[in-house]
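Inside the fold
This is what each chain is made of:
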Amino acid sequence: MSFYTSLTGLNSATAQLAVTSNNIANVGTSGFKRSRADFGDIFSTSPLQKSSSNIGQGVSLKQVSQEFSQGNISTSGNSLDLAITGDGFFPLKTPDGLQDIYTRNGSFTLNDQNNVVNSTGQRLMAASVDSSGKADLTDLNALTIPPKTSGEAVETTQIQLGLNLPADSAVITADFDRSNPSTYNKSTALTVYDSGGNGYLATVYYAKTQNASQDQTPPSSKWQTYFFVGDTQVKPALQQATDKVGGALFVNKYGDVLPKSDPRVVPSSGTTEMFSLDQLTDVRRSSPASAIGAALNTTTTFVNGILASSITPASGTTPATPVPLAVGTVLNFNIKVDGAPATAQAITYTTKAGDQDPEVLARNVEIAINNVLGSLADTPATSGSAPGVTPVVAAVPAIKNARFGITVAFDPDTARFSIASGTTGDSSSIEVATTDANAIRFMGLSGTGLKVDASANEALRGKISDPAVLRGETMTINTTKSISTSSANKDFFVSVDGFAFKVELPFPTTYTNIDSFAKALQDSINAKTDPATGRKVSGVTVSFDPKAKQFVFTTGTAGENSAIQVTGSADWGLANTEMQFGSTSEWKKLTQFTENGALQFVKNGVQTEDASGLSTQTEWWPVYLDRGELSFDLTGKPISPLTGMPFETAFLAGGKGALTMSIDFTKSTQYSSAFAVLSQSQDGAPEGELMGLNIGVDGLVNATYSNGSQVSLGKIVLANFSSPSGLRQVGDASYLASATSGVAKIGEAGSAGFGSIRAGATERANVDLTQELVDLITAQRNFQANAKAIETSSTMTSAIINIRS
């Protein structure tokens, strides 16, 4: 039996030697775990045998187990090399997807399907993640790293170009031809993308068309742009003008341009006439309604520059001579100005010396008209009927009947008198009627009447002009109590429309409040009459601004010929006043935009020649920019457009689709420096190429692509077992789960029970060569000892056999 016992010892030593040799052989295998041979003695007995006298029968190999201690970490240049620090295994799937494999060997690469695999093609499994990086451990799939994005291409819709266009560039008058550089000044190019991520070269050409000049309002330099995608020219789209904050601009019949946000603007609807912002250049002065008389008879009435009562016939060598208009001739007519009062006022003027001069007569008749109309009293307001009383009578507000500033003029070239309202604009009106024979003969006033109505719809005469307004300085006296005049502050020196006079308020006088004092001063001013001409001062208003503590003087007349100055005591804030003048308003005559000689309209934002559905109630029209045009002011800052310039849809060659884009030039300038591209960008993007890969310690895999996209592709998870030593080896440092190891538990790296992941590194074998060499010597000694035992047993056996001989 000793022979067989020693033989089991040889087998055990051989097994130990094999395990140690395997460990030494895999010292360079990533993720390899050293094996250990476990032995047990053989002892057999029967129930009838005395166990204390039995001898063991040798040794047997019970199992070869792995030691899953941590191996050293070795860095590498491959971002897909992974090492586990701590407990856990990488879960893998066989290529056929039928079997689960587990390994600590983190040497991975990409296969032809962009799956992360090991050297045998087994795929690394990862959990899907949401936008926050949280893993769904119930959804494991093979980790795939696409070399480029899919479906992330972005179509170009907006281009931003910040340029400096040289202010000293020459104006180009030749027709544009992109093949002829002399037909444009500069150009820029960039790449734009369609929805599939395909790139196209886009080129913008710039031709200067106008230098700034004093004749422009406002002075501006203009550049025309030409946009090409590939070889296809893209036409600029219709663009409504905007203000600096992007508010759409509208224009009324007087050329006033206001943003949509202004409460006065009521945007139009339906089809409208098209107006261009660049064509709002016909600036006109507002004028009053003017009744123009018939031309005077130049043979009997207006002869040799004078008005004649009669003509002395020629006698002999003496030619016929006119007899000047007789003094005392009475002219009668009725007049109504600006619709009030309801009844026309009778004007009676008796000629004086000098009235044979028609210009003198015009001036005197003007004074007579203003003296009558300027003194008309207001029509008081009526309160209307009480509630429940029939018939119902509506309340009527007070009506101001007085009219000021009516002018009478004579044009010697046409021999015509004209009478004009004292207010300008389309709301002004005038009517001259019930004219006597003298007024007809000497002023050309019609016997059937002359009438010019207010214009409610069409812009003919413009807007109302402004009167002269004088503000005093802030008063220092207490204005909340009664006001008193004294010898020191009673005098006021006034000039109204060229008539200067002195106003002296009675003193000492106490006024109950500042408003009653202002009324007394107003009445005193309007009571004055020019002794030289007989013209009465009328229409001047005096008010008090309690917030500013200032007197405010306003003329009844309006326009640039209106003027007022009031000086007085410092008590009233009038010690340092200066003459103030009114202003005649201006307006712009609208001219409808034409193209190829045809009037243009806008219907639903589209330019058309079709006028069907044209609105007749429009008061504010959208105002448009010239297509493709850039404008700069004298300082080089952009005037228009102040938002992106839209372009019509560009259809790509070969039926590849279409692009609808706009270009933002708002950061462009026109300085005297050289042409420069200050900024350039576009919002499109191609499909991104993989640029980098980052795997976190928690296993989260983030890919970075050339289009700037960053994508979380998944999270590498780990598997662990209740008894890792029970795993069944299948080679390549890989294992299968067994009944002994238990079912795999899946978890995130770094969580409880799982180690962390280190990218760009691998775990080396946990084999200790020193220990293995010691084990090798031990196995060798064991083998030698058992061999010696066999040899001894053999010798003893031979001796027994040889006893017989």
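Here the structure is a predicted model, which is why all the values come from computation and not from measurement.

1. Focus: the overall build of the protein
On a plain count of helices and strands, the protein comes out with five helices and 60 strands. In terms of overall dimensions, the protein has C-alpha extents of about 205 × 75 × 60 Å along its principal axes. In the protein, buried positions account for 41% of the 805 residues. Partitioning the intrachain contacts of the protein with sequence separation of at least 6 by distance along the chain shows that 64% fall at a separation of at least 24.

2. Points about the pairing of strand β14 (residues 221-229)
Among the nine residues in β14, nine count as buried, and that is most of the element. Because side chains alternate across β14, one face comprises the buried residues Ser221, Trp223, Thr225, Phe227 and Val229, and the other comprises Lys222, Gln224, Tyr226 and Phe228, equally buried. Note that strand β13 (residues 199-210) and β14 share eight bridges and pair antiparallel. Looking at β14, one finds that Tyr205 is bridged to Tyr226. What sits between β14 and strand β15 (residues 232-234) in their antiparallel hairpin is a turn of two residues, with Gly230 showing a positive phi close to 65°.

3. A few points about the sheet that holds strand β25 (residues 330-337)
An order of β26-β25-β29-β30 is seen for the four strands of this open sheet, with the pairing classed as antiparallel. For this open sheet the edge positions go to β26 (340-350) and β30 (450-452), each flanked by a neighbour on one side alone. Pairs of neighbouring strands in the sheet enclose a mean axial angle of 20°, with direction left out of account. Its contacts with the sheet put helix α2 (residues 358-373) on β25 and β26, and the angle it makes with β26 is roughly 140°.

4. Concerning the nonpolar core
If you look at the biggest cluster of nonpolar residues, it comprises 32 residues, and the most contacted ones within it are Phe333, Ile335, Ile369, Phe417 and Ile419. Going through the elements one at a time, β21 (288-292), β25, β26, α2, β27 (407-411), β28 (416-424), β29 (430-433) and α3 (437-443) are the ones with two or more residues in this core. Among the elements that take part in this core, α2 stands out by supplying six residues, more than any other. Counting residues in hydrophobic clusters, the runner-up holds 28 residues, among them Leu470, Val503, Leu521 and Val537.

Rules used throughout
- Residues numbered from 1 in each chain as written.
- Predicted model: local features only at pLDDT ≥ 70, side-chain atom pairs only at ≥ 80, totals over all residues.
- Heavy atoms only, no water.
- Helix = DSSP H or I, 4+ residues; strand = E, 2+ residues; numbered from the N terminus.
- Buried < 20%, exposed > 50% of the residue type's maximum accessible area, 1.4 Å probe, protein only.
- Contact = heavy atoms within 4.5 Å.
- Pairing = 2+ DSSP bridges.
- Axes fitted to C-alpha atoms, helices over the stretch in contact; angles between N-to-C directions.
- Core = buried A, V, L, I, M, F, W, Y, C linked by side-chain atoms within 4.5 Å.

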